[in-house]
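Examination of the molecular architecture
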Amino acid sequence: MIIDASAYIGHWPFRRLRYNTAEGLISLMDRNGIDKAIVSSINAVFYKNCQEGNEELAEEIEPYRDRLIPFATLNPKYIAWREDLERCVNDLGMKGLRLYPLYHRYSLLDPESRELLQEAAKRKLPVEIPVMLVDPRQHHWMDVDTQVSLNDILEAADKNPENTFIILNSKTADPVLERCKSGKPPKNIFIEMSRLTAVLNKSIQAVISCLGVEKVVFGTGIPFHYAKPALIKMEILDISEEEKEKIYWKNISKLINLS
């Protein structure tokens, strides 16, 4: 079993994406042996009202609910987010949140963010934070040119210990590793491994040593990125098959209460 914690459908304004529909994503998953994937709407990142993207997402993945697991995109600065959260969870069956502080221009430490995180904690919804969607070094001139700070995510995790945070698409885990060296590893942080290294400085192994294999989840970032690099990294990791199973699907399935 393989569950991808980091997949998307929708249109990217700054370049063409392929396999960016529910049907296309399923074909890409089949090609790479991925059984299920957590998905959110790229459109919701750019719509004035995120909820329109969430509604589109729910409608499009309806024939594939056995394989595609929806996460809601919400903006705590948008006045109707509470009503949207209720609908996403109660009517649309979404299993978590995926937040974009840079694109929606807020801080995870803002009072509005705190309120949203409190509501997510009440519902036991994991919160995914993509630190980037595409490499900012090659960004379109209208796109953001930076990424979410891991230190900001760690500070938000400290201030919201009742929440579970999953860091997506990060090329580094240095701030997390520094916490471990100081004897204060974060308790409510999980890390998706697709952009970390399994050779060179072996940052995936370092995260496992720091947080434990239970805090690492598998992801690819499809269709923004190819799936094969993440799969190859998993193949060459010098850990037991039982530990790989935890990364591939067991850890994330516990977070989303997958039966």
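The structure presented is a predicted model; accordingly, all values stated were derived computationally and were not measured. (Residues numbered from 1 in each chain as written. Predicted model: local features only at pLDDT ≥ 70, side-chain atom pairs only at ≥ 80, totals over all residues. Heavy atoms only, no water.)

**Details of the pairing of strand S7 (residues 189–192)**
Two faces belong to every sheet, and in a regular strand the side chains alternate between them. Heads up, the rule is: Using a 1.4 Å probe on the protein chains alone, a residue whose accessible area is under 20% of its type maximum counts as buried, one over 50% counts as exposed, and one in between counts as partly exposed. Strands are runs of DSSP state E lasting at least 2 residues, helices are runs of H or I lasting at least 4, and numbering of each runs from the N terminus. A pair of strands is labelled paired if DSSP reports no fewer than 2 bridges between them. Seen with its strands pointing away from the viewer, a crossover is right-handed if its path from the first strand over the helix to the second goes clockwise.
Alternating residues of S7 divide into Ile-189 and Ile-191 and Phe-190 and Glu-192, and every residue in both groups is buried. Here 3 bridges tie strand S6 (residues 165–168) to S7, and the two strands are oriented parallel to one another. Considered in S7, the bridge of Ile-167 is made with Ile-191. The parallel pair S6 and S7 is bridged by helix H8 (residues 174–181), and the resulting crossover is right-handed. Relative to strand S8 (residues 216–217), S7 runs parallel, the two being bridged by 2 bridges. Each bridged residue has a counterpart across the sheet, and for Ile-191 the counterpart in S8 is Val-216. Handedness of the crossover joining S7 and S8 through helix H9 (residues 203–211) is recorded here as right-handed.

**Focus: the packing of helix H3 (residues 50–61) against helix H4 (residues 81–90)**
The following threshold applies: Axes here mean lines fitted to C-alpha atoms, for a helix over just the part in contact, with angles spanning 0 to 180 degrees between N-to-C directions. Angular relationships are summarised with four words: roughly parallel below 35 degrees, roughly antiparallel beyond 145, roughly perpendicular across 65 to 115, and oblique for the angles in between. Whether two residues are in contact is decided by their heavy atoms: any pair within 4.5 Å suffices. Residue type decides the class: Asp, Glu, Lys and Arg count as charged, Ala, Val, Leu, Ile, Met, Phe, Trp, Tyr, Cys and Pro as nonpolar, and the leftover types, Gly among them, as polar.
Viewed as axis vectors pointing N to C, H3 and H4 meet at an angle of 10 degrees, and their least axial separation amounts to 10 Å. As judged from the angle between their axes, H3 and H4 are roughly parallel. Residues Gln-51, Asn-54 and Glu-55 of H3 pack against Asp-84, Arg-87 and Cys-88 of H4. Taken together, the residues of the contact of H3 with H4 sort by class into 1 nonpolar, 2 polar and 3 charged.

**Topic: the pairing of strand S5 (residues 127–130)**
Judged by which residues are buried, S5 turns out to be covered on both faces: Val-127 and Ile-129 on one side and Glu-128 and Pro-130 on the other are all buried. By the bridge criterion, 2 bridges tie strand S4 (residues 97–98) to S5 in an arrangement that is parallel. Residue Arg-98 lies in a different strand from S5, and its bridge partner there is Glu-128. With 4 bridges connecting them, S5 and S6 associate as parallel partners. Each residue of the ladder has a partner; that of Val-127, found in S6, is Phe-165.

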